[in-house]
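Analysis of the macromolecular model
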Amino acid sequence: MTRKVDAKTLVGVLGMVAALTLAVVCWRSGLTTSTFAPIIEGAPSFVGTHYDGLWISGAGLALLLAGLMAIDVTRRLRMAYVASE
């Protein structure tokens with residue numbers, strides 16, 4: 001019982017990896033941290049985080065795309081398995 005994986009499935013896996021990589025890059029680009037000195041001597045410093053909505057939205061869309069590709073690759077692999085039986 002040998003299963004052959006077609007080229008579309010491999011392209012789907014590569015696309016899924018690329019979309020996940022893009023999601024990580026977009027998320028990291030959307031975060032900016034700034035450290036502020038203490039206002040009063042002896043007080044702790046303050047670290048502020050700014051979230052850029054466009055980058056975070058891009059990361060969400062890339063993650064959605066990767067999820068859809070994962071569903072498609074799973075479907076293709078299951079159909080190939082069923083067809084080989």
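What comes next is a walk through the structure. (Residues numbered from 1 in each chain as written. Predicted model: local features only at pLDDT ≥ 70, side-chain atom pairs only at ≥ 80, totals over all residues. Heavy atoms only, no water.)

**Topic: the overall build of the chain**
A count of helical and extended segments in the chain gives 2 helices and 2 strands. Rg of the C-alpha trace for the chain: 22 Å, well past the compact-globule value of 12 Å for 85 residues, more than 25% over. With the C-alpha coordinates of the chain rotated into their principal frame, the extents come out at 75 × 25 × 15 Å. For the chain, with 85 residues in total, the buried portion stands at 15%. Taking contacts inside the chain between residues at least 6 apart in sequence as the whole, the part at least 24 apart equals 61%. For the chain, the accessible area works out to roughly 6700 Å², and carbon and sulfur atoms hold 68% of it. Treating the 7 positive side-chain charges of the chain as one cloud and the 5 negative ones as another, the clouds have centres 16 Å apart. (Helix = DSSP H or I, 4+ residues; strand = E, 2+ residues; numbered from the N terminus. Rg over C-alpha atoms; globule rule 2.2 N^0.38 Å. Buried < 20%, exposed > 50% of the residue type's maximum accessible area, 1.4 Å probe, protein only. Contact = heavy atoms within 4.5 Å. Areas by Shrake-Rupley, 256 points an atom, 1.4 Å probe, with all protein chains shown as cover. Lys, Arg positive; Asp, Glu negative; His and termini not counted. Charge placed at Lys NZ, Arg CZ, Asp CG, Glu CD.)

**Overview of the packing of aromatic side chains**
Tallying each qualifying case throughout the model produces 1 aromatic pair. Ring geometry for phenylalanine 36 against phenylalanine 46: centres 5.9 Å apart, planes inclined by 20°, an arrangement best described as stacked. With phenylalanine 36 in strand 1 (residues 31-36) and phenylalanine 46 in strand 2 (residues 46-51), this residue pair connects regions lying 10 residues apart in the sequence. Exposure remark for phenylalanine 36: the relative accessible area of 43% places this residue in the partly exposed category. (Phe/Tyr/Trp six-rings, centres within 6.5 Å; stacked < 30°, edge-to-face > 60°.)

**Quick notes on the packing of helix 1 (residues 7-29) against helix 2 (residues 53-84)**
Packing of helix 1 against helix 2 brings their axes to within 8 Å, and their N-to-C directions diverge by 160°. Of the possible angle classes, the one that applies to helix 1 and helix 2 is roughly antiparallel. Crossing hand, helix 1 versus helix 2: left-handed. A per-class count over the contact of helix 1 with helix 2 returns 19 nonpolar, 5 polar and 2 charged. (Axes fitted to C-alpha atoms, helices over the stretch in contact; angles between N-to-C directions. Parallel < 35°, antiparallel > 145°, perpendicular 65-115°, else oblique. Left-handed = near helix turned anticlockwise from the far one by under 90°. Nonpolar A, V, L, I, M, F, W, Y, C, P; charged D, E, K, R; others polar.)

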